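Chain and residue survey
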Amino acid sequence: MTDTPREDRRQQPKPKKEQLLSPATAAKKLGLYLPATPEEFQATPISRTQLQALNDSPPAWLTTLRKEGPHPRDEVSRRLGVSNSALARAGVSDHMTTAEIRALLDDRPEWLVAEREKHAPGTGIVPGTAIGERPARAESPRDADDDEFDDDTV
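Each value, and the rule that gives it
Residues numbered from 1 in each chain as written. Predicted model: local features only at pLDDT ≥ 70, side-chain atom pairs only at ≥ 80, totals over all residues. Heavy atoms only, no water. Helix = DSSP H or I, 4+ residues; strand = E, 2+ residues; numbered from the N terminus. Buried < 20%, exposed > 50% of the residue type's maximum accessible area, 1.4 Å probe, protein only. Contact = heavy atoms within 4.5 Å. Areas by Shrake-Rupley, 256 points an atom, 1.4 Å probe, with all protein chains shown as cover. Polar contact = N/O pair within 3.5 Å; in protein donor to acceptor, adjacent residues only side chain to side chain. Axes fitted to C-alpha atoms, helices over the stretch in contact; angles between N-to-C directions. Left-handed = near helix turned anticlockwise from the far one by under 90°. Nonpolar A, V, L, I, M, F, W, Y, C, P; charged D, E, K, R; others polar. Salt bridge = Lys/Arg side-chain N within 4 Å of Asp/Glu carboxyl O. pLDDT = per-residue confidence, 0-100. Arc of directions from axis to C-beta.

Another aspect to go through is the overall build of the chain. A count of helices and strands for the chain gives nine helices and two strands. Taken across its 154 residues, the chain has 26% of its residues classed as buried. Sequence-distant contacts, at least 24 apart, represent 48% of the contacts inside the chain between residues at least 6 apart. In the form shown here, the chain has an accessible surface area of approximately 11,400 Å², with 51% of it arising from carbon and sulfur atoms.

Inspection of the secondary structure assignment puts T98 in helix 7 (residues 98-107). Of note is the side chain of T98, whose polar atom sits 2.7 Å from the backbone oxygen of K67.

Here the focus is the packing of helix 5 (residues 73-80) against helix 7. Orientation of helix 5 relative to helix 7, taken along the N-to-C sense of each, is 35 degrees, at an axis distance of 10 Å. Where helix 5 crosses over helix 7, the two elements pack in a sense that is right-handed. Residues V76, R79 and L80 of helix 5 touch helix 7, and the partners they reach there are T98, I101, L104 and L105. Within the contact of helix 5 with helix 7, the residues separate by chemical class into five nonpolar, one polar and one charged.

Let us look at the environment of P45. Within the element layout of this structure, P45 appears in the loop between helix 2 (39-43) and strand 2 (46-47). When the C-alpha positions of P45 and T25 are compared, they lie 9.4 Å apart, and in sequence the two are 20 residues distant. Those residues in contact with P45 that lie beyond four places of it in its chain are L20, L21, P23 and Q50.

The next thing to look at is the pattern of salt bridges. Tallying each qualifying case throughout the model produces four salt bridges. Between E115 and R89 there is a salt bridge; the shortest N-O distance is 2.8 Å. Of this pair, E115 sits in helix 8 (residues 110-119) while R89 sits in helix 6 (residues 84-90); the two residues are 26 residues apart in sequence, bridging distant segments of the chain. In the salt-bridge network here, residues are joined through shared partners; they are E75, R78 and R79.

Turning our attention to the confidence of the model for the chain. Overall, the predicted model of the chain reaches an average pLDDT of 80, with 77% of residues at or above 70. Here residues 126-130 is a poorly scored stretch, pLDDT under 50, and it has seven contacts once near neighbours within four places are set aside; other chains count.

Moving on to unusual backbone geometry. A cis geometry characterises the amide bond from G69 onward to P70, with omega recorded as 10 degrees. Structurally, the position occupied by P70 is in the loop between helix 4 (60-68) and helix 5. Of note, R108 is a non-glycine position whose phi angle comes to about 50 degrees, a positive value. Here R108 shows up in the loop between helix 7 and helix 8.

Another point: helix 8. Among the residues of helix 8, those classed as buried are L112, E115 and R116. Burial along helix 8 is one-sided: seen end-on, the buried residues are contained in an arc of 100 degrees. Exposed positions of helix 8 whose direction lies more than 90 degrees from the buried face are E110 and K118. For helix 8, the elements touching its buried residues are helix 5, helix 6 and helix 7.

Shown next as structure tokens:
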């Protein structure tokens, strides 16, 4: 055996490359409708750090899109309180603006009432006051019967 050091033949770690997301994936993660985004956003891949920067300090165009729309189907269904399938059954477009969503909530078409009742029982009949706000619950029949039950036992 010799005292000379051996050459290290192990593979050296490679420097990490930043992961890039396609514009469609980035738009989905940001909750945006891709065709409504600026051309520069649609044309170039976005790194995860850029995506995080967009979330942390959104530019004016991102704030406007999130507020006014057009919104993708997932956001439309969330704001209406129905499932994505309900929108497809009703023949609603894949994207809507905030004004269109508010108009639907104000008009309360029959399909919306029925689908909200399926999606979250109790929300289809009682109108909500704002987008995303759950309506107040009506008094349950059990609460009304409690007074009669107390009188009988005394």
